Amino acid sequence: QVQLVESGGDLVQPGGSLRVSCAASGSISSIKTMGWYRQTPGKQRVLVARIGDSGTTYYADSVKGRFNISRDSAKNTLYLQMNSLKPEDTAVYYCRAVAGPYSTNFWGQGTQVTVSS
């Protein structure tokens, strides 16, 4: 089992920056990939960025060049640095981990990011 707890969501002005974090606990060594997803009311949860065991990263086109995903193994924490934020980045941001021999999905509870003036 892997437990994930997100934090850092806030209200930020357009053009601003914010970093959200995801603290992982439990079977840390079994984690294969981690990622950030976001969801707005009435819409499906969509992938924002992910990072693999080797450090390989993937970004959605909508955030490429503005967001940076990183993973601090010593702190068992996943980060998403968000720069040049736009109102359309407003969403609940969720952390996901794929772990264990059966590549089970684990999700955090989400953290609200609101971009508004």
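Please read all numbers here as calculations on a predicted model, not as lab measurements. (Residues numbered from 1 in each chain as written. Predicted model: local features only at pLDDT ≥ 70, side-chain atom pairs only at ≥ 80, totals over all residues. Heavy atoms only, no water.)

A word on the environment of D10. Examined against the element boundaries, D10 turns out to sit in the loop between β1 (2-7) and β2 (11-12). The spatial distance from the C-alpha of D10 to the C-alpha of C95 is 16 Å, given a sequence separation of 85 residues. Not counting the four nearest positions on each side in its chain, D10 is found in contact with L18, Q112, V113 and T114. (Helix = DSSP H or I, 4+ residues; strand = E, 2+ residues; numbered from the N terminus. Contact = heavy atoms within 4.5 Å.)

Our next topic: the side chain of S21. Looking at the element boundaries, S21 is found in strand β3 (residues 18-26). Setting aside chain neighbours within four positions, we find S21 in contact with V5, E6, S7, W36, T77, L78 and Y79.

A word on the pattern of salt bridges. Inspection of the entire model under this criterion finds four salt bridges. A salt bridge links D89 to R38, with the shortest nitrogen-to-oxygen separation between them at 2.9 Å. With D89 in the loop between β8 (77-82) and β9 (91-99) and R38 in strand β4 (residues 31-39), the pair connects residues that are 51 residues apart, well separated along the chain. Neither D89 nor R38 differs from the other in exposure class; each is buried. Notably, a salt bridge pairs D89 with R66, separated by 2.8 Å at the nearest N-O pair. Taken together, the residues D89 in the loop between β8 and β9 and R66 in the loop between β6 (57-59) and β7 (67-72) connect sequence positions 23 residues apart. The residues D89 and R66 share a single accessibility class, namely buried. Beyond isolated ion pairs, a larger network of salt bridges with shared partners links R38, R66 and D89. (Salt bridge = Lys/Arg side-chain N within 4 Å of Asp/Glu carboxyl O. Buried < 20%, exposed > 50% of the residue type's maximum accessible area, 1.4 Å probe, protein only.)

Let us now look at the side chain of E6. Structurally, E6 can be placed in strand β1. In this structure, E6 is in contact with S21, C22, W36, Y93, Y94, C95, G108, Q109, G110 and T111, ignoring residues within four places of it in sequence.

Counting residues in hydrophobic clusters, the biggest one holds 30 residues, and the most contacted among them are L4, M34, W36, L80, M82 and Y93. Listed by contribution, the elements that provide at least two residues to this core are β1, β3, β4, β5 (46-51), β7, β8, β9 and β11 (111-115). At five residues, the largest contribution of residues to this core is made by β9. Sequence-distant contacts of M82, defined by excluding residues within four places in its chain, comprise G16, S17, L18, V20, R66, F67, Y93 and V113. (Core = buried A, V, L, I, M, F, W, Y, C linked by side-chain atoms within 4.5 Å.)

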